[in-house]
Amino acid sequence: MRMRNKPWASDFLLAHPKYVQDPSVYKGKWKTHFGYEHVVLEIGSGKGDYWRSMARMNPNVLWIALEKDKNVSAVALKKTEDLENGVWIVNDAANLTDWFEAGELDTIHLNFSDPWPKKGHAKRRLTSETYTTTLLRLLKQGGQIKFKTDNKLLFEYTILQWDSIALKMEEFSVDFRRDEHSEDAITEYEQHFMDLGQVIYRAVWRKV
Ligand SMILES: C[S@@+](CC[C@H](N)C(=O)[O-])C[C@H]1O[C@@H](n2cnc3c(N)ncnc32)[C@H](O)[C@@H]1O
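Because the structure is a prediction, the values reported are computed rather than measured. (Residues numbered from 1 in each chain as written. Predicted model: local features only at pLDDT ≥ 70, side-chain atom pairs only at ≥ 80, totals over all residues. Heavy atoms only, no water.)

Tell me about the overall build of the protein, and please be specific about residues and values.
A tally of regular secondary structure across the protein gives seven helices and seven strands. Overall, the protein shows an N-to-C arrangement of helices and strands of α-α-β-α-β-α-β-β-α-β-α-β-α-β. Computed over its C-alpha atoms, the radius of gyration of the protein comes to 16 Å, within 12% of the 17 Å expected for a compact globule of 208 residues. Expressed as a percentage of the 208 residues in the protein, the buried residues total 49%. Partitioning the intrachain contacts of the protein with sequence separation of at least 6 by distance along the chain shows that 77% fall at a separation of at least 24. Accessible area for the protein stands at about 10700 Å²; split by element, carbon and sulfur atoms hold 48% of it. Seen as two clouds, the 30 positive and the 30 negative side-chain charges of the protein have centres 5 Å apart. (Helix = DSSP H or I, 4+ residues; strand = E, 2+ residues; numbered from the N terminus. Rg over C-alpha atoms; globule rule 2.2 N^0.38 Å. Buried < 20%, exposed > 50% of the residue type's maximum accessible area, 1.4 Å probe, protein only. Contact = heavy atoms within 4.5 Å. Areas by Shrake-Rupley, 256 points an atom, 1.4 Å probe, with all protein chains shown as cover. Lys, Arg positive; Asp, Glu negative; His and termini not counted. Charge placed at Lys NZ, Arg CZ, Asp CG, Glu CD.)

Next up, the structure:
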């Protein structure tokens, strides 16, 4: 998600209570420092609607948002003052191992990740080999990766990509919203695609 530069963004983020300026400080200590037994990371949180809704629905879990764009992040945090169990990192997922120990994450969410449709950009997809090795390393044994998208090509690519690694697929749907799923938040972003009549693809894998 790209947004026009907001000159106030950096100062705003620095002053925001939910912004984690240096996540490496918490490496290996996310659970003990923040006092939660379960840690979830959403990669590519955009304007934070999924992060915010899911954190509110699961108050006993620490929800960490990661978003590389500082302008989008500032807009997300402008809507968020009182989220007890949520924190926000502004950085690129390429640096994940600087902030988390192996096995430190219980669940990873990829919710409507950028599809990067051109073949030449495939390495930038969050489900490409570039990121997958790291995601697997940081996920605890038995932890889950939850992936949801409106993009058929990204879905197909991801299913193939993850077929040969140590992940066991546990859920799979080519029309996730066909049934009611009150456990999973529908953001404005997702609602927009649903209103256009597009199906939502979803799969869940467990590290084995
Ligand atoms: C379409 S938005 C997703 C919105 C959000 N997850 C939701 O469901 O409402 C995708 C976001 O992923 C971010 N992103 C893409 N690649 C990233 C990376 N390597 N590291 C961190 N954020 C990334 C983009 O900047 C963009 O804001």
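Quick rundown of helix α6 (residues 152–161)? Include the residues and the values.
Among all positions in α6, only L154, F155, Y157 and T158 are buried. Down the axis of α6, the sector holding all buried residues measures 165 degrees, keeping them to one side. Residues of α6 that are exposed and point over 90 degrees away from its buried face: L153 and L160. Contact partners of the buried residues in α6: β5 (139–149), β6 (167–173) and β7 (201–207). Capping the start of α6, N151 holds a side-chain oxygen 3.1 Å from the backbone nitrogen of L153, two or three residues further along. (Arc of directions from axis to C-beta. Polar contact = N/O pair within 3.5 Å; in protein donor to acceptor, adjacent residues only side chain to side chain.)

Residue-level account of a nonpolar patch on the surface, with values.
Together, M169, F172 and V174 make up a nonpolar patch on the protein surface, roughly 260 Å² of accessible area in all. Assignment of secondary structure puts F172 in strand β6. (Patch = residues over 30% accessible without salt bridge, like charges linked within 9 Å, V, L, I, M, F, W, Y side chains within 5 Å. Salt bridge = Lys/Arg side-chain N within 4 Å of Asp/Glu carboxyl O.)

Requested: an account of the pattern of salt bridges, with residues and values cited.
Summed over the entire model, instances satisfying the criterion amount to 11 salt bridges. Put simply, K79 and D49 hold a salt bridge, and the shortest N to O gap is 3.0 Å. Placement of K79 in the loop between α4 (70–78) and β3 (86–90) and of D49 in helix α3 (residues 49–57) is noted, with a sequence separation of 30 residues between them. For K140, the salt bridge goes to D106, with nearest N and O atoms at 2.9 Å. Here the residue K140 occupies a position in strand β5, and D106 occupies one in strand β4 (residues 105–111), the gap between them amounting to 34 residues. One network of salt bridges, in which partners are shared, links K148, R177, D184 and E190.

Distances and angles like these do not, on their own, reveal function.
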